[in-house]
Amino acid sequence: MARPYVITIASEKGGVGKTTLATNLAIYLKALVEDLPVTLFSFDNHFTVDQMFRLKKTPSEHHVGQLFTGLQPENLISTGQYGVNYIPSNSRLYDFIQHIQSVDQLALKVAESALQGILIIDTSPVLDIYTRSALYAADRIIVPIKDAPSLENCRHLADFLSQSQRPKTTLKILPCLIDTRIRFDGPFRNSYQLLKAYAINRGYRCYEGFIAKSPKVETLSTNPSGKIYPVITHARQTEVHLQLSHLARQVYLDYLENGPTRLIEIANYLFEQQELHAAQFRQRRQRIPSGCLYCGTAIEPTDAIWPDLYYLESIDSSYCGFIEERCLFKLLLQHYFRELTGTNQQSLLGDFLYDPTRRGYLLLQKTRLDREQTRLELYRLDHQGEKISGRSVEVLESSFHQQHKQDTSGDLFSQAYPEQNTGTQTLLLQRCGANPFHILEHQPYLSWLTTLNRIEIDDISRQHEG
Ligand SMILES: Nc1ncnc2c1ncn2[C@@H]1O[C@H](COP(=O)(O)OP(=O)(O)OP(=O)(O)O)[C@@H](O)[C@H]1O
Ligand SMILES: [Mg+2]
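Notes on the structure in this doc start here.

1. Thoughts on helix α11 (residues 325-335)
Part 1: Those residues of α11 lying buried are Cys327, Leu328 and Leu332. Looking down the long axis of α11, one finds its buried residues gathered within 135 degrees of arc, a one-sided arrangement.
Part 2: Residues of α11 that are buried in the fold lie against β9 (309-314), β10 (320-324), α12 (345-353) and β12 (373-381).

What follows is the structure, encoded as structure tokens:
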């Protein structure tokens with residue numbers, strides 16, 4: 001599967017020419033190699049990309065924020081002018097931040113997509129999660145600098161790369177907005193030569209050449225049509241046209257030489273992770289007994305409809321399996337809700353356990369208080385393992401065991417903790433959905449383990465307080 005070569009344009013300094021460079025580079029690459037797919041989007045909070053490339057009057061319903069929701073990148077693309085594809089901008093990107101779990105999310109999403117050729121990402125001058133996501137995904141990071149302070153800021157980008165175990169050589173510096181009229185005495189005759197020398201001295205790679213400051217280029221974004229014009233069509237007579245052509249050639253050669261290695265690396269990693277998670281899922285599934293933990297009856301779907309099940313595990317995960325809801329209710333009525341009698345006891349219990357989110361947990365605990373007495377606790381937990389409500393009853397250990405005299409198979413605590421007579425015995429449960437095995441998949445099982453850990457920590461601190 002072909003993957004795109006990702007070029008991120010980044011600099012923490014505002015107004016150094018990032019967006020001008022990103023948009024024009026897309027067009028110059030397209031002009032250089034007509035059949036090369038070039039896609040562009042911007043995490044900046046304005047609509048330069050749209051003003052330059054939009055063909056249709058009616059705005060698209062898609063935008064860059066949706067890269068972090070369930071949609072596929074290729075479905076967000078609009079065909080733009082000059083043969084460049086673009087994803088429309090969004091000025092309220094911060095509304096989408098809740099969908100970003102980690103810095104690799106964008107890279108994984110693009111790695112799985114059908115995008116090809118070259119993808120250019122324009123960023124804002126802030127090293128926020130959007131910029132970091134774009135840096136993380138990049139085969140090449142182009143850093144426009146216009147003065148010494150903007151070169152100093154480049155250090156933060158280099159630090160981010162080293163934290164992400166990416167080579168510093170991913171960065172390449174391009175002096176921009178260079179005023180060629182300003183001349184210095186000495187070995188470096190203009191600001192381009194000076195900036196390039198500073199950059200090399202600090203261990204950065206640089207592009208050949210620079211982008212000059214041109215009054216003509218400056219006017220391309222301000223005109224009565226409300227459009228933004230590219231250099232290639234409206235400033236062809238300037239030196240910036242030659243400089244952008246030269247840059248596009250260097251970028252294209254880089255692409256030919258190195259290819260889209262970053263996303264292939266990420267896709268391979270993703271594949272390995274999926275394989276690992278699938279193997280872990282199989283292992284977890286194999287451990288599950290085929291029958292209900294309480295009554296032993298085989299749990300089988302009828303017409304693909306599973307009986308109402310709860311998944312259950314001991315605190316160290318060594319004991320696990322499913323229990324049918326009716327068996328769980330029986331167990332709870334026997335030990336925790338003895339006062340509930342009569343025909344509506346099931347529905348009263350159902351009311352107590354009712355969980356509208358369907359993501360909460362049930363926690364059952366049994367603590368031997370002395371030779372005779374045992375405390376039984378039942379808690380409802382929310383989806384993060386926070387206790388919402390609960391009840392505690394003290395029973396005679398002998399009466400607890402009476403139910404299981406002949407047959408200990410229904411005594412879940414003894415089954416889960418055969419060796420343990422003191423301390424607290426804990427069982428965590430969660431109601432299963434249509435597919436009971438879903439809970440054993442990677443993400444749901446991680447949440448499950450997080451809740452188990454939280455209970456363990458709560459118990460340890462409770463013992464210390466006690
Ligand atoms: N080569 C150039 N010559 C003259 N003016 C330029 C040139 N390149 C960009 N400009 C102008 O400089 C200003 C800043 O450019 P641009 O918006 O591309 O910078 P930016 O780094 O994306 O800014 P921000 O950090 O705010 O996103 C714009 O008004 C743009 O028209
Ligand atoms: Mg910009």
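2. Considerations on the site of ligand 1
Part 1: Near ligand 1 there are 18 residues, and of these Gly14, Lys18, Thr19, Thr20 and Glu218 occur at the shortest range.
Part 2: Within the residue set of the shell around ligand 1, elements represented by two or more residues are α1 (18-32) and α7 (215-219).
Part 3: Per element, the largest residue contribution to the shell around ligand 1 is three residues, and it comes from α1.
Part 4: Considering only residue class, the shell around ligand 1 consists of six nonpolar, eight polar and four charged.

3. Comments concerning the environment of Glu34
Part 1: Inspection of the secondary structure assignment puts Glu34 in the loop between α1 and β2 (38-42).
Part 2: Residue Glu34 is classed as exposed on the basis of its 7 C-beta neighbours within 10 Å.
Part 3: For the pair formed by Glu34 and Tyr82, sequence separation is 48 residues and the distance between their alpha carbons is 9.9 Å.

4. Digging into the sheet that holds strand β4 (residues 85-86)
Part 1: Spatially, eight strands are ordered β3-β4-β2-β5-β1-β6-β7-β8 in an open sheet, and the strand pairing comes out mixed. Each edge of the open sheet is held by one strand with a lone partner, namely β3 (78-79) and β8 (205-206).
Part 2: Taken together, the two bridges between β3 and β4 define a ladder with antiparallel strand orientation. Bridge pairing in β4 places Ser78 opposite Tyr86.

5. Observations regarding helix α6 (residues 191-201)
Part 1: Along α6, the residues classified as buried are Ser191, Tyr192, Leu195, Lys196 and Ala199. Seen end-on, α6 carries its buried residues on one side only, within an arc spanning 130 degrees. Opposite the buried face of α6, by more than 90 degrees, sit the exposed residues Ile200 and Asn201.
Part 2: Considering only its buried residues, α6 is in contact with β6 (140-145), α5 (148-163), β7 (171-175) and β8.
Part 3: After α6 finishes, the residue Gly203 shows a positive phi value of roughly 85 degrees.

6. Overview of the packing of α1 against helix α9 (residues 239-258)
Part 1: In the contact formed by α1 and α9, the axes pass within 9 Å of each other and the chain directions differ by 70 degrees. Judged by the inter-axis angle, α1 sits roughly perpendicular to α9. Here Asn24, Leu25, Tyr28, Leu29 and Leu32 of α1 lie close against α9, whose contacting residues are Leu244, Ser245, Leu247, Ala248, Arg249, Val251 and Tyr252.
Part 2: Split into classes, the residues belonging to the contact of α1 with α9 amount to nine nonpolar, two polar and one charged.

7. A few points about the sheet that holds β10
Part 1: Overall, antiparallel pairing links the six strands, which are arranged β10-β9-β14-β11-β12-β13 in an open sheet. With one partner strand each, in any of the chains shown, β10 and β13 (387-396) form the two edges of the open sheet. Shown here is a sheet whose adjacent strand axes are inclined to one another by a mean of 20 degrees, direction ignored.
Part 2: Here strand β11 (residues 361-368) runs beside β12; their pairing, made up of eight bridges, is antiparallel. When the bridges of β12 are listed, Leu364 appears paired with Leu378.
Part 3: Here α11 sits on the sheet in contact with β9, β10, β12 and β13, set at roughly 85 degrees to β10.

What counts as what
- Residues numbered from 1 in each chain as written.
- Chains lettered and ligands numbered in written order.
- Predicted model: local features only at pLDDT ≥ 70, side-chain atom pairs only at ≥ 80, totals over all residues.
- Buried ≥ 20, exposed ≤ 12 C-beta atoms within 10 Å, placed from the backbone.
- Helix = DSSP H or I, 4+ residues; strand = E, 2+ residues; numbered from the N terminus.
- Arc of directions from axis to C-beta.
- Contact = placed C-beta atoms within 7 Å.
- Near = placed C-beta within 6 Å.
- Nonpolar A, V, L, I, M, F, W, Y, C, P; charged D, E, K, R; others polar.
- Pairing = 2+ DSSP bridges.
- Axes fitted to C-alpha atoms, helices over the stretch in contact; angles between N-to-C directions.
- Parallel < 35°, antiparallel > 145°, perpendicular 65-115°, else oblique.

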